[in-house]
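A closer look at the structure
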Amino acid sequence: MCGIIGYIGKQKASKILINALKNLEYRGYDSAGIAVREATDIKSVKKTGRVANVEAEVHQANLKGGVGIGHTRWATHGGVTEANTHPHISSDGKFVLVHNGVIENYQSLRKYLEEKGFDFKSETDTEAIVNLIAYHYRKEPDNTEDRFTSAVRKALIHLEGTYGIAVLCVDCPNEMVGARNGSPLILGLGKDENFLASDVSAFASRSKDVVYLNEGDIVHLHSDKYDITTIDSRNVSAIVESLDWDIEESELGNYTHFMEKEIFEQPQALENSMRGRFSDDNSTAKLGGIDLSPRELRSVDRFVMFGCGTTWHACLAAEYLIERFARIPVEVEYASEFRYRNAPISDDSLIFAFSQSGETIDTLAAMRESNRKGFRTLAITNVVGSSIARQTNGGGIYQHVGPEIGVASTKAFTSQVLLSSMIALYMGRLRDMSLGDGTNYVDALKSCPEMVDRILKQADSIREIAVRYSKFNDFLFMGRQAMFPIALEGALKLKEISYIHAEGYPAAEMKHGPIALISEDCPSVFLATSGRIMKKTLANMQEVKARNGKVISIVPEGTEVPKECADDVIFIPRCHEAIHPILATIPLQLLSYYIAVERGCDVDKPRNLAKSVTVE
Ligand code: G6P
C-alpha cells in the first residue's frame, strides 16, 4: 500500500517520477505527489485522485531538477485531502519525505515535537517522521560529517511501526536517504542515476541492477554512488542482483484493462509456472526451490497454509487437492488470524505462505512468527526477491507468471492453484500414488493451458450472459468440495470489481440460510464439475429455480443440464480432478470482468482497494 519512488541523476526527475508513479499506482490511488530539487529549493506538486491529475500540474510547473521523490497514496491516517498527500515537508522547510507504512507512536511523537515548536499541517503519521528528522538535524553540530544520514538514523530509532521512506534535504542538493523497516524498498542502480522504490516496476525500464534492502537498512544515495548501513551504524555490503524483467509484460498492449490482459494471459502464465517442473519419466513434479529432502518431506504430517484475500482462496483449493491426492491433512488460515492465534501445531508441520506480491504484511508477519517458533516455512510467491520469498527457511516456489497489475488477482490465483496441485502430486508420489496415476496426473496438468485457452475462446458468449445479468445487485456462488473455494473466489471477484453483493457457499449449505435470499432478483452461479456429486448439485439448482431464482451453471462438456435446473450453462472441458478448480475459475473471472465493464466500473482500480497490502 502506497508506492514510493526516489530518483537521483542527470535527467528531468519530474518526468521519471510521474512514469514511475503510474507503475506504482496499483499500490494506492487516493492521491499522488512529487517533490523535486530546483536550484536552492525543493518544489512539490500534489493532487488528490489519480496520478494523471498530478501529471497535468507537474507539466505546468515545468520542474527541471534531477533529484526528486514521489508517492501514490492509499489513505490510512487522515482523509483523502491535499494536505494529507505526500511528499510531506518538515515545518522548518529543511526536509521533504515520502513514506509507505504506518507509524504507531506518531501521536506521542507529534505531541513531543509540537512542544519543541514544530507545526503540523496534516493528519498523517508521516509528518511526525519528517519533523523528527528535522529536530535531530537541528541538534547535530554543523560540521558533523554525514549530518543528513545521521539525523535520519537518530529519528528512525524512535519510530514504532513500519516504514519505507525516501528523504531529501535542502542543504544536500545531490543526496537522498532511504530506509526500510517492514515495508519494501529496493535500490535500482543505473548509469549516473540511482533509484529507490517500493517495487522494481517503478524503474525497471531504466535500471536492471537492483539491491533488495534488508529490514533496518539505511541507504545514502548520490547519482553515481551509494552506501548502506544499518540503523545501528554497521556497514552493509550490498548484493547486486540482476532483474529478469520484460517491460512489455507490464504494458497494456491491445487490451482495455490489465485484468482482461491477465485473464487472457493465463494459458501462457500456467505454462510458465510449470516449465521444467516435471520429472524425466513424467510421473511426478520437480520442485527444485524447496530445500527439503524427500525424506524430510515424507515425515510431514500436516500442512498449515495461510494467505489473504484471493490468495487465501488458493490455500483453500490447495487443502482439497493435497488432502485428496497426497492424503496429508491441511489446515488453512487467514494470515492475519494465524499470527495472533497461537494455534497448537505439531513439530512435523510444514508452514506454507501464499502471496502473489510477497509483501502482504499480514502474511509476512505470520511467516516471521512461524520462523521465530522454529517451524519449517515455505512460500509460493510471484515476485522474485520479495520480502516473503527471502524470509522462508525452507525455500519455496516462484510462480513465474509475470507482473500482475490489475488489483483483482486472476493469473496469480490460477497459478497458485496449479502449483498447489503440483505439491499434491509431488507429496502423493512420495507416499502412495502409483506411477500410472502420477503419469495421468502430469498429463492432466500439462493439458491445462490448452483447456484454459478453449474456455477463453467462449469469451463472447460469456460476455453476452454477463451483460444480461449485469443489473442484479445480489449474487450467490455455490459449489461442493474443491468447487467451494472457487465459489468463494467467484463471489469475491464480482464483489471487488463491480461492487455487487455476492456470497460463496458450499452448495449443500444453501438450505441452512442463503436460500432465504433466493428470489428473481438474486441469481445463483453453480459450479458442478464433479461427476460424483453432480446429481446432488443439480438438485440444489432445481431448489433455486423452484423459488424463481435464476441459475447460471458451469459444468463439464457433455453434461445434460435439464431446463428446469438452469437458465444459462457454461461448459468447461472434461478433465482430471487435479485441474477442475483452475478451469472452473476462468468463466467466473470473465463473468465478473464483463459485468464490471458493463456497469462502467474502474476494473483495474476498484474503489478502496490496493494490490499490495503493506499495512495491517
Ligand atoms: C489484496 C489484493 C488481492 C490479493 C491479496 C493478497 O487484497 O487486492 O487481490 O489476493 O491482497 O495479496 P498477495 O500479494 O499476498 O497474494
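You'll find the structure just up there.
Residues numbered from 1 in each chain as written. Predicted model: local features only at pLDDT ≥ 70, side-chain atom pairs only at ≥ 80, totals over all residues. Heavy atoms only, no water.

1. What to know about the sheet that holds strand β21 (residues 474–479)
Counted only if it meets this: Only strands that DSSP links by at least two bridges are regarded as paired with each other. Think of it this way: any DSSP run of H or I at least four residues long counts as a helix, any run of E at least two long counts as a strand, and we number them from the N terminus. Helix axes are fitted only over the stretch in contact, all axes being lines through C-alpha atoms; the angle between N-to-C directions runs from 0 to 180 degrees. Contact criterion: two residues are considered in contact whenever any of their non-hydrogen atoms come within 4.5 Å of each other.
Spatial strand order, β22-β21-β23-β24-β25: five strands in an open sheet with parallel pairing. Two strands lie at the open edges of the sheet, namely β22 (501–506) and β25 (568–572), each paired on one side alone. Neighbour-to-neighbour, the strand axes of the sheet open up by a mean angle of 15 degrees, direction not taken into account. Here four bridges tie strand β23 (residues 524–527) to strand β24 (residues 551–556), and the two strands are oriented parallel to one another. Bridge assignment links Val525 to a residue of β24, and that residue is Ile552. Running at roughly 150 degrees to β25, helix α15 (residues 459–469) makes contact with β21, β24 and β25 of the sheet. Contacting β23 and β24, helix α17 (residues 534–545) crosses the sheet at an angle of about 170 degrees to β23.

2. Thoughts on the sheet that holds strand β12 (residues 217–221)
The seven strands lie next to each other as β5-β6-β7-β8-β12-β13-β14, forming an open sheet whose pairing is antiparallel. Because the sheet does not close on itself, it has two edges, and the strands there are β5 (88–89) and β14 (235–236). Both strand β13 (residues 226–230) and β14 contribute to a ladder of two bridges, which runs antiparallel. Bridging from a neighbouring strand, Thr229 pairs with Asn235 of β14. Set on the sheet, helix α5 (residues 147–157) makes contact with β6 (95–100), β7 (163–169), β8 (176–181), β12 and β13; between it and β7 the angle comes to about 145 degrees.

3. Observations regarding the layout of surface pockets
Selection criterion: Here a cavity means grid points, on a 1 Å grid over the protein atoms only, where a 1.4 Å probe fits yet cannot get out; a pocket means an open set of points with protein on both sides within 12 Å along at least five of seven lines; lining residues are those with an atom within 4 Å of a point. Grid points are joined across faces, edges and corners, and a volume is the space filled by probe spheres set on the points. Classes in brief: Ala, Val, Leu, Ile, Met, Phe, Trp, Tyr, Cys and Pro nonpolar; Asp, Glu, Lys and Arg charged; the others, Gly included, polar. An automatic or database domain assignment supplies the residue ranges for each domain.
A volume near 650 Å³ is recorded for the second largest pocket. What lines the second largest pocket is a set of 30 residues, and nearest its centre among them are Cys308, Gly309, Thr310, Lys611 and Val613. The leading source of residues in the lining of the second largest pocket is helix α9 (residues 309–325), at five residues. Partitioned by chemical class, the residues of the lining of the second largest pocket number twelve nonpolar, twelve polar and six charged. Counting contributing residues, the lining of the second largest pocket receives three or more from each of domain 2 (247–456) and domain 3 (458–603).

4. Here we look at the site of the ligand
Note the following rule: Proximity criterion: a residue is near a molecule or strand once any of its heavy atoms comes within 4 Å of it. Any N or O atom pair separated by 3.5 Å or less is treated as a polar contact, with the protein-specific requirement of one donor-capable and one acceptor-capable atom, and with residues adjacent in sequence counted only for side-chain atom pairs. All accessibility values rest on the Shrake-Rupley procedure with a 1.4 Å probe; residue burial counts only the protein chains present in the view. Any molecule with more than half of its atoms within 2 Å of a cavity's or pocket's grid points is regarded as sitting in that cavity or pocket.
Taken together, 13 residues surround the ligand, and among them Thr311, Ser355, Gln356, Ser357 and Thr360 come closest. Separating an oxygen atom of the ligand from a side-chain N or O atom of Ser355 is a distance of 2.6 Å. Here Thr360 contributes a side-chain N or O atom positioned 2.5 Å from an oxygen atom of the ligand. For the ligand, whose unbound accessible area comes to 390 Å², protein coverage reaches 91%. For the ligand, the cavity whose grid points lie within 2 Å of the majority of its atoms is the second largest pocket. Sort the elements by how many residues they give to the shell around the ligand and α9 lands first, with three residues. Class assignment of the residues belonging to the shell around the ligand gives a composition of four nonpolar, eight polar and one charged.

5. Side note on the packing of helix α13 (residues 411–430) against helix α14 (residues 435–456)
When two helices pack together, their arrangement is given by the angle between the helix axes and by the axis-to-axis distance. Convention followed: An angle below 35 degrees is treated as roughly parallel, one above 145 as roughly antiparallel, one from 65 to 115 as roughly perpendicular, and anything else as oblique. Each crossing gets its handedness from the near helix: less than a right angle anticlockwise from the far helix is left-handed, clockwise is right-handed.
Interhelical geometry of α13 versus α14 gives an angle of 170 degrees and a closest axis separation of 10 Å. In terms of their interaxial angle, α13 and α14 are classed as roughly antiparallel. The interaxial crossing formed by α13 with α14 has left-handed handedness. Mapping the contact onto sequence places Leu418, Ser421, Met422, Ala424, Leu425 and Arg429 in α13 and Leu435, Gly438, Tyr441, Val442, Leu445 and Cys448 in α14. Its residues assigned to classes, the contact of α13 with α14 shows nine nonpolar, two polar and one charged.

6. Observations regarding the side chain of Ser386
Rules: Between buried and exposed lies partly exposed: a residue is buried under 20% and exposed over 50% of the maximum accessible area for its type, with that area taken using a 1.4 Å probe on protein chains only.
By the secondary structure assignment, Ser386 is in the loop between β19 (376–381) and α12 (387–391). Residue Ser386 is classed as buried on the basis of its relative accessible area, which comes to 1%.

7. Observations concerning the packing of α14 against helix α18 (residues 580–598)
Remark: α14 packs on α18, axes separated minimally by 10 Å, with the N-to-C direction vectors making an angle of 30 degrees. As far as their axial angle goes, α18 and α14 are roughly parallel. Considering the relative orientation of α14 and α18, their crossing is right-handed. Judged by residue contacts, Cys448, Met451, Val452, Ile455 and Leu456 of α14 engage Ile582, Leu583, Ile586, Pro587 and Leu590 from α18. The residue inventory of the contact of α14 with α18, partitioned by class, reads ten nonpolar, no polar and no charged.

8. Things to note about the pairing of β12
Taken across its five residues, β12 has five buried, putting it largely inside the fold. Both faces of β12 are covered, namely the face carrying Asp217, Val219 and Leu221 and the face carrying Ile218 and His220. Pairing analysis gives five bridges linking β12 to β13, with the strands arranged antiparallel. In the strand pairing of β13, Leu221 is matched with Tyr226. Between β12 and β13, which pair antiparallel and follow one another directly, the connecting turn spans four residues.

Nothing here speaks to function; it is all geometry.
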